[in-house]
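Observations on chain architecture
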Amino acid sequence: MKPRVYLYGMVIIILIIIIITVVLYNKTTIIKSERPNIVVIIADDMGRDDVSYHGSDQIMTPNIDLLAYSGVALERYYTHCVCTPSRSALYTGKFAHTLGMQGFPLTNGEDRGIPLKEKLLPQYLKSLGYATHLVGKWHVGHSRKAFLPTFRGFDTHFGHRLGYIDYYEYFVDIMTAFGDLSGLDLHRNLDADWTSNKYVTDLYTEEALSVIKSHNLEVPLFLTVAHNAPHAGNRGATLQAPPEDVRAMRHVASAQRRIYAAMVKKLDDSVGDIVKALYDKRILDNTLIVFVSDNGGMTTGDFMNYASNWPLRGIKMTPFEGGIRVNGLLWSQNLTNSNNHVWDGYMHAVDWVPTLLKAAGAEPPSAIDGLDLWENITSNTDSKRDVMFEIDDYNGFASIIAGDFKLVTGNVPQNMANHQGENLRGIIGRAPSYVDTLKNSKVYTTLEEIGIKIPLEDNVIRNRTKISCNKDTKKDICYPDKVKGKLCLFNIKEDPCETRDISQTYPQVAEDMNTRLQAEIQRMIPRQVPFSYDSRAHPSLHNFTWTTWADEI
């Protein structure tokens, strides 16, 4: 009898454990936040031709692609042409030139940041009860503590404050009038991190997964993962990726782009890991995921990373489409019922603040440039956004997009404003199977788990996002000239590669747009002249770290 009693007792104990587990599971489900979680993933200097959902068979980005296929690909998503301005716009909902944050990005010894009077996206969300975390790049103010992420609405920050870091050592090396300077730029909140030792894309992914895993389900999550990838590193080692990932890219003809492809592959892996972590945490069903690039790729010039914006014209640091029309998508499990996963409406980085606030159930602020496009995107209706500006008083150019037309003025370096990247697209032998790559991705497995089927053999969406242009780009194309008063006008709907100047055909359109542009320039706060490195910023004065320095007396 005793063994039987013992057995019955064990069965009862097991049943009690199961009941308690079920109750706790249901309780956890009940106390989940009603506001959507928001995860924003930012790629750094990624070209439009560097995601495979835009048609390239060279660099495979299956996890990013599947988010686009099952969410909404933002096919006319625009930003500023440089990282500091674009991030300033994303966080504030204001064009960078209205903040004094336009033009050349923040330099390491420059005492400047997003004005402290401005309210940032994490501050808006924090007031709604969100837990707010930043992993990765900041680059909108680092000279004073008041400029840092944890003083601007983020509960935590793990990452770099400047424009880029070495992928393995996390140092930033620069040349100045004071000589070559080198210092660590990896921080956990206010403290330098000397102990981490992983490839930085993996390091940031690991941190993002830790944030998700430890998140309190009772409050909504706002997580920004601003990767270093695929930005170039220090001059001595501009392209860095794990050797095994580089070897997997042997089909890429260009030796340099082969390394770049491996950097993008690690970025795409990170996206897959983050999506899976959200699913494992059981919050994917109530999470909005945003993926964007901060600006176009840097195909040539200083800090070139062999990115490609092909067939768009121009690269990072130019107002042409290759510099400002970038990769963007919005994903939510609730958007997957739509049969149309491509949205062609205009959207600018300034629109994220009001759009995400509306998605979070709050009324967007009124005194900003951004527009709430949530309903336009989710219902696939025309965009309320009809005008966008790129104004750079340091480099001396400006542009305006209004309706189908775009006007470019001032002086743009011709070696950065032409069509680049076609020579980087070569493939040796056969590229990997696109369908197999999709099937083997973490996002594909996760989508299957939540019941979303993607027709892998049907590339309708992939074909819809391809840009077709006039192949004859060797003929004379228009370059604006401030001295000669030369303006360039394009119809970017019919001519997305900006090969045909129509300013003589539509002189009144050119005149009206220039008048509107000049009026907008009057709103500009002049950008401080960069390259004036304050000697107090030298890493040698701060245990060889790049850290705050302007608070010192």
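Heads up: the structure comes first, above all this text.
In short, a report on the structure. (Residues numbered from 1 in each chain as written. Predicted model: local features only at pLDDT ≥ 70, side-chain atom pairs only at ≥ 80, totals over all residues. Heavy atoms only, no water.)

1. Examining the overall build of the protein
This is how the line gets drawn: Helix numbers and strand numbers start at the N terminus; a helix is a DSSP run of H or I with at least 4 residues, a strand a run of E with at least 2. Both definitions apply: the radius of gyration is a C-alpha atom measure, and the globule rule equals 2.2 Å times residues to the power 0.38. A simple rule labels every residue: compare its accessible area, found with a 1.4 Å probe on the protein chains alone, to the largest value its type can have, and call it buried under 20%, exposed over 50%, or partly exposed in between. What makes two residues a contact is simply this: any of their non-hydrogen atoms within 4.5 Å. Computed by Shrake-Rupley with a 1.4 Å probe, the accessible areas treat only the displayed protein chains as cover when residues are assessed. Asp and Glu are treated as the negative residues and Lys and Arg as the positive ones, with His and the ends of the chain left uncounted. A charge is said to be at NZ when it belongs to Lys, at CZ for Arg, at CG for Asp and at CD for Glu.
Summing up its helical and strand segments, the protein has 14 helices and 16 strands in all. In terms of C-alpha radius of gyration, the protein reaches 24 Å, essentially the compact-globule figure of 24 Å for 553 residues. For the protein, buried positions account for 59% of its 553 residues. Once local pairs closer than 6 in sequence are excluded, the contacts in the protein between residues at least 24 apart make up 74%. Carbon and sulfur atoms make up 53% of the accessible area of the protein, which totals about 22300 Å². A gap of 4 Å separates the mean positions of the 58 positive and 64 negative side-chain charges of the protein.

2. Quick notes on the nonpolar core
Where a protein is soluble and globular, its nonpolar side chains tend to be buried together. Threshold: In this description, a nonpolar core means a group of buried Ala, Val, Leu, Ile, Met, Phe, Trp, Tyr and Cys residues linked to one another through side-chain atoms lying within 4.5 Å.
Counting residues in each nonpolar core, the largest one holds 74 residues, and the members touching the most others are Met46, Leu223 and Phe291. The leading source of residues in this core is helix H7 (residues 255-280), at eleven residues.

3. A few points about the sheet that holds strand S7 (residues 187-188)
The following threshold applies: Note: two strands are recorded as paired if DSSP finds a minimum of 2 bridges between them. Interaxial angles span 0 to 180 degrees and are taken between N-to-C directions of axes, which are lines fitted to C-alpha atoms, for helices over the stretch in contact.
Pairing within the open sheet is mixed, and its ten strands lie in the order S8-S7-S4-S3-S9-S1-S10-S11-S2-S12. Of all strands in the sheet, those with a lone pairing partner are strand S8 (191-192) and strand S12 (342-348), marking the two edges. With five bridges joining them, strand S2 (residues 72-78) and S12 adopt parallel strand pairing. Of the residues in S12, the one forming a bridge with Ala73 is Val342. Where helix H5 (residues 200-213) meets the sheet, it contacts strand S3 (131-136), strand S4 (156-159), S7 and strand S9 (221-226), and its direction lies at approximately 175° from that of S9.

4. Re the state of the cysteines
To keep things clear, this is the line we draw: Throughout, a disulfide means two cysteine sulfur atoms within 2.5 Å of one another.
Within this structure, the stated rule accounts for two disulfides. There is a disulfide in this structure between Cys478 and Cys488, and the S-S distance comes to 2.0 Å. Because the torsion about its S-S bond is -80°, the bridge between Cys478 and Cys488 counts as left-handed. In this pair, Cys478 is assigned in the loop between helix H13 (460-464) and strand S16 (488-491) and Cys488 in strand S16, connecting sequence segments ten residues apart. With a relative accessible area of 7%, Cys478 lands in the buried category. What connects to what in the protein, once the bonded cysteines are numbered by sequence position, is 1-4, 2-3.

5. Remarks on the packing of aromatic side chains
Condition: Pairing of aromatic rings covers Phe, Tyr and Trp, the last through its six-membered ring, and needs centres within 6.5 Å; plane angles under 30 degrees mean stacked, over 60 mean edge-to-face, and all others mean tilted. Put simply, a charge is over a ring when the Lys NZ or the Arg CZ is close to the ring centre, within 6 Å, and near the line of the ring normal, within 35 degrees.
The final tally for this structure, using the stated rule, is 15 aromatic pairs. Arranged with centres 5.5 Å apart and planes meeting at 25°, the rings of Tyr167 and Tyr199 form a pair that is stacked. Separated by 32 residues along the polypeptide, Tyr167 in the loop between S4 and strand S5 (171-176) and Tyr199 in the loop between S8 and H5 bring together distant segments of the chain. Accessibility expressed as a relative area gives 4% for Tyr199, which makes it buried. Look at Phe320 and Phe490: their rings are 6.3 Å apart centre to centre, the planes differ by 65°, and that puts the pair in the edge-to-face class. Highlighted residues: Phe320 in the loop between strand S10 (287-293) and helix H8 (321-324) and Phe490 in strand S16, separated in sequence by 170 residues. The residues Phe320 and Phe490 share a single accessibility class, namely buried. Ring pairs connect the aromatic residues Tyr91, Trp138, Phe154 and Phe222, which therefore count as one cluster. One Lys or Arg, Arg313, reaches over the ring of Phe320 and ends 3.9 Å from the middle of that ring. Here the basic side chain of Arg313 rests over the ring of Tyr479, its NZ or CZ set 4.8 Å away from the ring centre.

6. As for helix H9 (residues 352-359)
Burial within H9 is extensive, with seven of its eight residues counted as buried. All of the buried residues along H9 are Trp352, Val353, Pro354, Thr355, Leu356, Leu357 and Ala359.

7. Concerning the environment of Leu447
With respect to the secondary-structure elements, Leu447 resides in helix H12 (residues 442-449). Measuring from C-alpha to C-alpha, the distance between Leu447 and Gln123 comes to 32 Å, with 324 residues separating the pair along the chain.

8. A few points about H7
The following threshold applies: Working rule for helices: expected span equals 1.5 Å times residues minus one.
Between the first and last C-alpha of H7 there are 38 Å, a value that for 26 residues agrees with the 38 Å anticipated at 1.5 Å per step. Positive backbone phi, at 65°, marks Arg282, one or two positions downstream of H7.

9. A short note on the pattern of salt bridges
What counts here: Salt bridges are defined as contacts in which a side-chain nitrogen from Lys or Arg sits within 4 Å of a carboxyl oxygen from Asp or Glu.
One pass over the full model with this rule turns up 30 salt bridges. Linking Asp202 and Lys266 is a salt bridge whose minimum nitrogen-to-oxygen distance equals 3.1 Å. With Asp202 in helix H5 and Lys266 in helix H7, this residue pair connects regions lying 64 residues apart in the sequence. The residue Asp501 makes a salt bridge to Lys486 at a minimum N-O spacing of 3.2 Å. Here the residue Asp501 occupies a position in the loop between S16 and helix H14 (507-521), and Lys486 occupies one in the loop between H13 and S16, the gap between them amounting to 15 residues. Relative accessible area serves as the criterion here: at 30%, Lys486 is assigned to the partly exposed category. A cluster of three or more residues bridged by salt bridges with shared partners is formed by Asp44, Arg87, Lys137 and Asp294.

10. Section: the sheet that holds strand S14 (residues 397-402)
A sheet is described by the order of its strands in space; here four strands give the open sequence S13-S14-S15-S16, paired in antiparallel fashion. The sheet is open, and its two borders are formed by strand S13 (387-392) and S16, each paired with just one other strand. For this sheet, the mean angle separating the axes of adjacent strands, direction not counted, is 10°. Pairing analysis gives six bridges linking S14 to strand S15 (residues 405-410), with the strands arranged antiparallel. Following the sheet pairing, Ser399 is matched in S15 by Val408. Strand contacts of H14: S13, S14, S15 and S16, with the helix running at about 115° to S14, the strand carrying the most contacts.

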